Number of protein chains: 2
Amino acid sequence: MARRDAQPRDTKDKILSAALTEFSARGYADGSIDDIAARAGVTKGAVYYWFHDKADVARDLQRQLAERLAEDAVATIDPADDAVTNLIRGFEAWLRALERHDEARFFLRDCWAIPELADSRREDWVGPVRELLADGIQRGDLAPLDADALAHVLIGAWAEGTLHVLQSGDPTSTVAVVRHVVESLIVTRSTAKARA
Amino acid sequence: MARRDAQPRDTKDKILSAALTEFSARGYADGSIDDIAARAGVTKGAVYYWFHDKADVARDLQRQLAERLAEDAVATIDPADDAVTNLIRGFEAWLRALERHDEARFFLRDCWAIPELADSRREDWVGPVRELLADGIQRGDLAPLDADALAHVLIGAWAEGTLHVLQSGDPTSTVAVVRHVVESLIVTRSTAKARA
């Protein structure tokens, strides 16, 4: 990925913002560097000064969006609460953040289907979830399952759940399903129950 | 999709078999019609006689593989059993079938990441699962959740779980997680418990 800090940052930001509009309007596959440059009001050369190719633009944009969206989710995490409460609150906050970013809805829908993006994205989300789960399992709050396998399965559930919310337009039933699945991890003993 | 029944079927089968080898060896993105034709020992024209383009070959191949793999899963469904037992047995049979098809492992890994394939594939799997769930929910065996949302969330969990098994090489921990999640759907009353 091209990173040259001598040029003013706002050209790069202008390009990313134009790319978001372009990908939202036409989809990633049909979006072009030519049109991104035109939307940003810069030359094609300026785009290639900052980015290697279209995938590089998309990766940067995806990282920026993921960070913006994750901020809301992470802000809901309270170390005093158990993993299950934090996971459910995090998922709901993530869905709410998505509602507020209309362009992000389109972009993220694309994002999951772009091979070169999917892999890096996956580990971004699996990592923090695995950590929350491992902690809860170690403390005996959660069922003694493999934290890595569990994190992958939950991320898959949430990703597909998010796509379903975006397609159906109604988060209620999907949130209820996710809540049910996550709550099923609670070890049923009085302390864990009282905390959840 | 081109379908002309005047030509012998085995040319088509030869092309599909060559495509599986090609996609397994080089990945879908890097696979080419030229190389598929060469592997099959047919002309490029013969490939285009049967298929519009590379995506058309991949779709046919994916459908063929999905049918072969689903056969094993569907064979485990027993209408006398409850939905949860059927779902867990189906997932395990699906994983076992995958073990036996070495080339399929590579192809299916690609498959989920190919936008033009992912959508049709998704509904292939969501449909039957939704039906099993709706039936279990209506009979009062399963938690009263939205069958459509639940089917999407479970398919996401299984898809990501399958990728995790393919990457880690060990199905045990993922099967335990899937079993835990699916069993959490059982309504805890004596009859449902006895049946599960």
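Because the structure is a prediction, the values reported are computed rather than measured.

Scoring rules and cut-offs
Residues numbered from 1 in each chain as written. Chains lettered and ligands numbered in written order. Predicted model: local features only at pLDDT ≥ 70, side-chain atom pairs only at ≥ 80, totals over all residues. Core = buried A, V, L, I, M, F, W, Y, C linked by C-beta atoms within 7 Å. Buried ≥ 20, exposed ≤ 12 C-beta atoms within 10 Å, placed from the backbone. Helix = DSSP H or I, 4+ residues; strand = E, 2+ residues; numbered from the N terminus. Contact = placed C-beta atoms within 7 Å. Nonpolar A, V, L, I, M, F, W, Y, C, P; charged D, E, K, R; others polar. Expected span 1.5 Å × (residues − 1). Least-squares fit on C-alpha atoms with pLDDT ≥ 70 in both.

A. Spatial organisation of the nonpolar core. Within the largest apolar cluster, 54 residues are counted, with the highest numbers of intra-cluster contacts made by L150 and V153 of chain A together with L150 and V153 of chain B. Looking at this core, the elements with two or more residues in it are helix 5 (83–100), helix 7 (115–138), helix 8 (147–168) and helix 9 (172–183) of chain A together with helix 5 (83–100), helix 7 (115–138), helix 8 (147–168) and helix 9 (172–183) of chain B. Sequence-distant contacts of L150 of chain B, that is, excluding residues within four places in its chain, are made with V177 of chain A together with L133 and L145 of chain B. In this structure, L16, L20, F51 and L69 of chain A belong to the second largest nonpolar core, which totals 19 residues.

B. Layout of the interface of chain A and chain B. Taken together, the 26 residues of chain A in the interface contact 26 residues of chain B. Looking at the side of chain A that touches chain B, the elements with two or more residues in it are helix 7, helix 8 and helix 9 of chain A. Here the residues of the side of chain A that touches chain B are counted per class, giving 16 nonpolar, eight polar and two charged.

C. Examining helix 1 (residues 9–26) of chain A more closely. All names here are of chain A. With 18 residues, helix 1 extends 26 Å from end C-alpha to end C-alpha; this agrees with the ideal 26 Å at 1.5 Å per step. Considered for burial, the residues of helix 1 that qualify are K12, I15, L16, A18, A19, L20, E22 and F23. Phi turns positive one or two residues past the end of helix 1, at G27, with a value near 85 degrees.

D. Main features of the relation of the copies chain A and chain B. Screw-axis analysis of chain A against chain B gives a translation of 0.1 Å along the axis, an RMSD of 0.1 Å, and a rotation angle of 180 degrees. Put plainly, the chains are arranged around a two-fold axis. Residue by residue, 100% of the interface of chain A is reproduced at the interface of chain B, so both copies engage with the same surface.

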